[in-house]
Amino acid sequence: MTSGDFNEHSLWQRIKEGVASFGVARSIILLFLIILLIAALILDLPMDQILSSMLSRFGMNGILVLAMIPTIRSGTGPNFGLPLGISCGLIAAVLSIELDLRGFQALFFAVGLGGALGAIAGYLYGLLLNKVKGQEMTVGTYFGFSIVSLMCIFWFLAPFKSPEMIWPYGGSGLRVTIALEGRFDKVLNNFLAFDVFGVTIPTGLLLFYGAFCLIVWLFMHSKTGVALSTVGESPRFAESCGLSIDRYRTIGSVVSQALGAVGIIVYAQTFGFLQLYMAPLFMAFFAVASILIGGATLNRATIWHATVGCFLFQSILVVSMPVANLIISENLAEVARIIISNGIILYALTRREIGGGA
Amino acid sequence: MAKDEKVLSSTSNNMHESQKNQFELKWFLRKNIVPVFFFVLCVIGGYYSGLPLPFLLNEIITRMARNSFLVISLIIPVLAGMGLNFGIVLGAMAGQFAYVATVNWQMAGLTGFTTTALLSIPLAILFGWLTGILFNHTKGKEMITGIILGFFANGIYQLICLYFMGNIIPIKVPSMLIPGSIGLRNTLDIKPMQYALDNLLKIQVKIPGHVFPVSIPVATFLAILALCLFTHYIVKTKLGQEFRIVGQDMHVAEASGINVDRVRIIAVILSTILAGLGQVIFLQNLGNINTYGSHVQVGTFAVAAILIGGASVKKATVGQALLGTLLFHTLFIVSPLAGKNLVGDAMIGEYFRVFVTYGVIGVALALHAWQSLQEQRRIALLKADISGE
C-alpha cells in the first residue's frame, strides 16, 4: 500500500467517521443550513440582520432546550410535558405585571417565582411519571395538552386587574398576547449589547444562557446529578447501589419543569410578548426537536447537544424565512419547521437504544 | 387459552374476583366508570344547555353518522397490540386527496362520492404501508410515533397542497386554487357531492309534540353497520386470530411461525383504509373541506371518543366505539351552550371540551401505563429472576 493510497483512504475514512461521530441527522441539518446561508448570500439578503436574529433566537430558546437534559438523563425521555413548566412561568410573568414590577426587578421576580412554581409542579409531574414508566412520552404529550387547555380556563377566569393585560372594553379574561413593553421587554437582550460589523450581540441574553448552562452543568456533576444519570443509564445497577429510582426521576422532572418556567420567561423577554392560551401547545415539540438535532438521543443528552441543537434549529428557522419568502412564498418556512422538527423526532424514535426501554 | 382470557378482560389484575361479583352494581360501576362518568356529564350538560330534544337528537344522529366510521377504524390496531392508532390522520389525508381529485374532475353526486371512496383506498394502502413499516421500527412506542407521525405528515400534506398543487400537480378548476397563486384554497367546496350517501335513503321520524322531525340517514348507518360486522367477524378469521396472537405476545407469535411484522403492517393498512373511507363519509356530510384543518384533529377526536366509550389501549370493541362516539359528540354539542348558561360565556364550555378531549386521553393512557406496570411487577415477583429490557 503506497502512502498516497493510504492518505486518500484515510481522508475518506475520516470524513465518514467524522459524519458518524457528528451524527447523520446533525450533518444533514448542518448541510441544509450551509445551503440556506449560501442562498441567502446569493440573494443578497442583509447578513448582519440574519446573524443578529440567529444569536437572539438562539438565546431566546436556549433554556427551554436545556430543560430537556434532566429528564432525558434521569431516564424519563424528552420532557413532552414541558407546557406544565411553561404555564408556571407564564403565571409568574403575569403576576409580575399585576404587581406593577418593571425592568430587571420584574424579570428576576418572574424567574424566581416561575422557577419555584415550576419545581413544585415538576414534583407532582414526577410522581405521575413514576406511575407510567415506559409510556412517559405518550402520557407526557397529552398531559401537556391537557394542562394548556386547563390553563385556558384559568386565563379566562383569573381575576387580574392590570389594564395592560385585560381587554380594553368588554370581554372577560386576559388578552391572548400581552405586550411586555415597559416591563421586561428585551432587558436581557439590551444588557451590555454591542455591535460587531452590524451584528448585534445580545450579551446579557447570552450571559444569562451561559449562567444556566453552568447551573445545569454543576447540577449534573453534583452528587445528585451523577446519581440521577446513573438511574437513567442503568436503573438496575442504580437500584443495587441503593439509589431510589423514583426519587431521582422526580428530581429530574423538578429541575426540568423549573427550567421550562425560566425558559418561557426568557423567551417572552426576547419576543416582547407573553403568549397565553393555546400558544404553549407545541412548544415542547420544538424543544425536543432542537436537542435531538444537537445529537441527543432519547436517553442521552448533554449541554453541548442542547446548545448546538438549539443553535442549528433556530438558525435554520431564521435563514429559511427570508430565503423562502424570496424564492417561493412566506408559509414555506413554517412548513419546513413542522417537517424538520417532527421528522427529527421520528428519526430518534426509530433508533434502537442500548438498554432503552422507554 | 387461559392467557387469552386474561388479556381480554381489561382489568386483568383480579379476574377471579370480578367474575364472582359480575352482576353486582358496584362491579358494574367500577368496570364502566369512564362511560358512566361521561354519561352523567352529558346529562348535566344537556340539561343546562337548554336545547330542545328534537334538535339535540338530530345533531346527535348527524354526528354519529359522520364520526362512527372513523372511531371504529381504531379497533384493529388495538387488537394487534399496537395501541391506539394516532396515525389514522394519514387515512384522513388519503380521503382528502381523493376529494381533491374528484373535485378536479368535476364529479358530482353518488358517482363522485363512490369514485372518491374507491380512490382513497390505494392512497390509504400506501400511507398505511409506510406507517406500518415505521411502527415496526418503533415497537412499543407506536402511540407516540403515531402522534408525531401525524404532525410530520401534516407538514408534508401542507407542502403538497400549498406548493405542488396547481404547479407540479395540475389542477383544472381555477376556483380550487388561491387566486393569482399556486396552492389549494383554505376551503374546498364539495357541495355537488354533499349528502351523496346520507340522502340515498333518508327517513323522517316525527316526534309527537314537536314541529321538526328527526331525520335519519339510513344508508350511512348501513355502511357503519357493515363496518361493525366486518370488524366483528374479522376476529374470527385466520387473519383475526393472527392479530390477536401478535397482540398478546410478539415472541410467542414469532415462535409459532407468524410473520409478526407483516401482520402488524396489515393491521395498520386496514385501519388506514377504514379511516380514509371514514373521512370521505365525514366530509360528504359537511359539504366542504377545510383543506388545512379537517384532518388535523381526526386522530385525537377519534381516540378520545373510543376511550370515553370505555375502551383501553389493549381492548376495544365496536360497542365501545359507538357508545364513545355518542357520548363524546353529545358533549361537543352541549358544552358551549352549557358553559354559556352556567358561567355566562360560551368560551368556557369550549375550553372545557378541549380540556376533556386531551384530559381523557392523558388519563386513559396514564391508567393503562400504570396498570401494565403493576402487571409487570406481578410477573416479576412471580418469576423472581427477570431479565427484561
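All residue numbers refer to positions counted from 1 along the written sequence of the respective chain. Chain labels run from A onward and ligand labels from 1 onward, assigned in the order the entries are written. Where totals are concerned, whole chains, interfaces and linings use all residues; where local detail is concerned, this predicted model gives features only for residues with pLDDT of at least 70, and gives and counts side-chain atom pairs only at 80 or more.

Novice: Teacher, can you tell me more about the overall build of chain A here?
Specialist: Only runs of H or I of at least four residues qualify as helices and only runs of E of at least two qualify as strands under DSSP, and these elements are numbered from the N terminus. Counting its secondary structure elements, chain A contains 15 helices and four strands. For this measure, only C-alpha atoms enter the radius of gyration; the expected value for a globule follows 2.2 Å times N^0.38, where N is the number of residues. Relative to the 2.2 N^0.38 estimate, which gives 21 Å for 358 residues, the radius of gyration of chain A is 21 Å and therefore close to what a compact globule would have. With respect to the principal axes defined by its C-alpha atoms, chain A has extents near 80 × 60 × 35 Å. Taken across its 358 residues, chain A has 51% of its residues classed as buried. Distance between backbone-placed C-beta atoms decides contact: two residues are in contact if it is within 7 Å. Look at the contacts in chain A between residues 6 or more apart in sequence, and 76% of them connect residues 24 or more apart. Backbone-placed C-beta atoms define the burial measure: a residue is buried with 20 or more other C-beta atoms within 10 Å of its own, exposed with 12 or fewer, and partly exposed in between.

Novice: How do you make sense of the overall build of chain B when you look at a structure like this?
Specialist: Each helix and strand counted, chain B has 16 helices and four strands in total. In terms of C-alpha radius of gyration, chain B reaches 22 Å, essentially the compact-globule figure of 21 Å for 389 residues. With respect to the three principal axes, the spread of C-alpha positions in chain B is 70 × 55 × 35 Å. Of all intrachain contacts in chain B linking residues separated by at least 6 positions in sequence, the fraction that spans at least 24 positions is 71%.

Novice: Is there a simple way to think about the nonpolar core in this case?
Specialist: As a rule of thumb, soluble globular proteins bury nonpolar side chains together. Residues of type Ala, Val, Leu, Ile, Met, Phe, Trp, Tyr and Cys that are buried and joined through C-beta atoms within 7 Å form what is called a nonpolar core. Of all hydrophobic cores here, the largest spans 226 residues; its most connected members are Met68, Ala287 and Val288 of chain A together with Leu74 and Ile306 of chain B. Ranked by the residues each element gives to this core, the list is headed by helix 13 (residues 260-286) of chain B, at 16 residues. Setting aside residues no more than four positions away along its own chain, Val288 of chain A makes contact with Met68, Pro78, Phe80 and Ile345 of chain A.

Novice: Help me out: how do you make sense of the interface of chain A and chain B in this one?
Specialist: Reports of interface size often rely on the accessible area that becomes lost once the parts have come together. Contacts between the two partners involve 34 residues from chain A and, on the opposite side, 36 residues from chain B. Breaking the side of chain A that touches chain B down by element, the ones donating at least two residues are helix 6 (103-131), helix 7 (136-157) and helix 15 (332-350) of chain A. In terms of residue count, helix 7 of chain A provides more of the side of chain A that touches chain B than any other element does, 13 residues in total.

Novice: Any chance you could explain the confidence of the model for chain B here in plain terms?
Specialist: Detailed reading of the predicted coordinates is not advisable wherever pLDDT falls low. All names here are of chain B. The score called pLDDT rates the predictor's confidence residue by residue, from a low of 0 to a high of 100. Confidence in the prediction of chain B, expressed as mean pLDDT, is 84, and 92% of residues score 70 or more. Note on residues 1-18: pLDDT under 50 across the span, and 16 contacts to partners over four residues away in sequence or across chains. Predicted complex, confidence summary: ipTM 0.83, pTM 0.85.

Novice: Which parts of the structure should I look at to understand helix 7 (residues 88-104) of chain B?
Specialist: Think of an α-helix as 3.6 residues a turn; residues three or four steps apart then line up on the same face. Residues and elements named next belong to chain B. Here helix 7 is 17 residues long and its end C-alpha atoms lie 25 Å apart, about the 24 Å a rise of 1.5 Å per residue gives. For helix 7, a buried count of 15 out of 17 residues is recorded, marking the element as mostly surrounded by other parts of the structure. Within two residues after helix 7, Gln106 carries a phi angle of roughly 50°, on the positive side. One fewer than the residue count of a helix, multiplied by 1.5 Å, yields its expected span.

Novice: What exactly am I supposed to notice about the environment of Leu53 of chain B here?
Specialist: Within the secondary structure layout, Leu53 of chain B lies in helix 5 (residues 53-72). Note: C-alpha distance between Leu53 of chain B and His210 of chain B (157 residues apart in sequence) is 9.0 Å.

Novice: Even after reading the chapter, I still don't get the environment of Leu101 of chain A, so can you show me in this structure?
Specialist: Residues and elements named next belong to chain A. One can find Leu101 in the loop between helix 5 (83-98) and helix 6. A sequence separation of 83 residues divides Leu101 from Phe184, and the C-alpha atoms of the two residues are 8.7 Å apart. Once residues lying within four places of it in the same chain are set aside, the contact partners of Leu101 are Ser96, Ala106 and Phe109.

Novice: What exactly am I supposed to notice about the packing of helix 2 (residues 24-42) of chain A against helix 14 (residues 303-327) of chain A here?
Specialist: In helix packing, the relevant descriptors are the interaxial angle and the interaxial distance, both defined with respect to the helix axes. Residues and elements named next belong to chain A. Axes, fitted as lines to C-alpha atoms, cover a helix only where it is in contact. Angles between the N-to-C directions of the axes lie from 0 to 180 degrees. One can describe the packing of helix 2 onto helix 14 by two numbers: an axis separation of 9 Å at closest approach and a directional angle of 35°. The hand of the helix 2/helix 14 crossing is left-handed. Here helix 2 contributes Ile29, Leu30, Phe32, Leu33, Leu36, Leu37, Ala39 and Ala40 to the contact with helix 14, which in turn contributes Leu312, Ser315, Ile316, Val319, Ser320, Pro322 and Val323. Residues are grouped as follows: Ala, Val, Leu, Ile, Met, Phe, Trp, Tyr, Cys and Pro are nonpolar; Asp, Glu, Lys and Arg are charged; every other residue, Gly included, is polar. Class assignment for the residues of the contact of helix 2 with helix 14 results in 13 nonpolar, two polar and no charged. Less than a right angle of anticlockwise turn of the near helix away from the far helix marks a crossing as left-handed, whereas a clockwise turn marks it as right-handed.

Novice: Please clarify how helix 2 of chain A should be interpreted in this entry.
Specialist: Over its 19 residues, helix 2 of chain A extends 27 Å from the first C-alpha to the last, a length consistent with the 27 Å expected when each residue adds 1.5 Å. Phi for Asp44 of chain A, located one or two positions after helix 2 of chain A, is positive at around 60°.

Novice: Is there a simple way to think about the environment of Ser74 of chain A in this case?
Specialist: Residue and element names in this part refer to chain A. Relative to the elements of secondary structure, Ser74 occurs in the loop between helix 4 (68-73) and helix 5. Once the C-alpha coordinates of Ser74 and Leu228 are considered, the two residues, 154 residues apart in sequence, prove to be 5.2 Å apart. If we ignore the near neighbours within four places in the chain, the residues touching Ser74 are Leu228, Val231, Gly232, Tyr248, Arg249 and Gly252.

Novice: Explanation requested: the packing of helix 7 of chain A against helix 9 (residues 142-164) of chain B in the structure shown.
Specialist: Their axes nearest at 8 Å, the elements helix 7 of chain A and helix 9 of chain B cross at an angle of 45°. Our classification of the angle between helix 7 of chain A and helix 9 of chain B gives oblique. Handedness of the helix 7 of chain A/helix 9 of chain B crossing: left-handed. From helix 7 of chain A, Met137, Thr138 and Thr141 of chain A reach across to helix 9 of chain B, where they touch Met143, Ile144 and Ile147 of chain B. Taken together, the residues of the contact of helix 7 of chain A with helix 9 of chain B break down into four nonpolar, two polar and no charged. To sort the angles, those under 35 degrees are grouped as roughly parallel, those over 145 as roughly antiparallel, those from 65 to 115 as roughly perpendicular, and the leftovers as oblique.

Novice: Mind showing me how you'd approach unusual backbone geometry here?
Specialist: Note on backbone geometry: most residues besides glycine have negative phi, and most peptide bonds are trans. Phi is positive for Asp44 of chain A, close to 60°, though the residue is something other than glycine. Owing to 8 C-beta atoms within 10 Å, Asp44 of chain A belongs among the exposed residues under this scheme.

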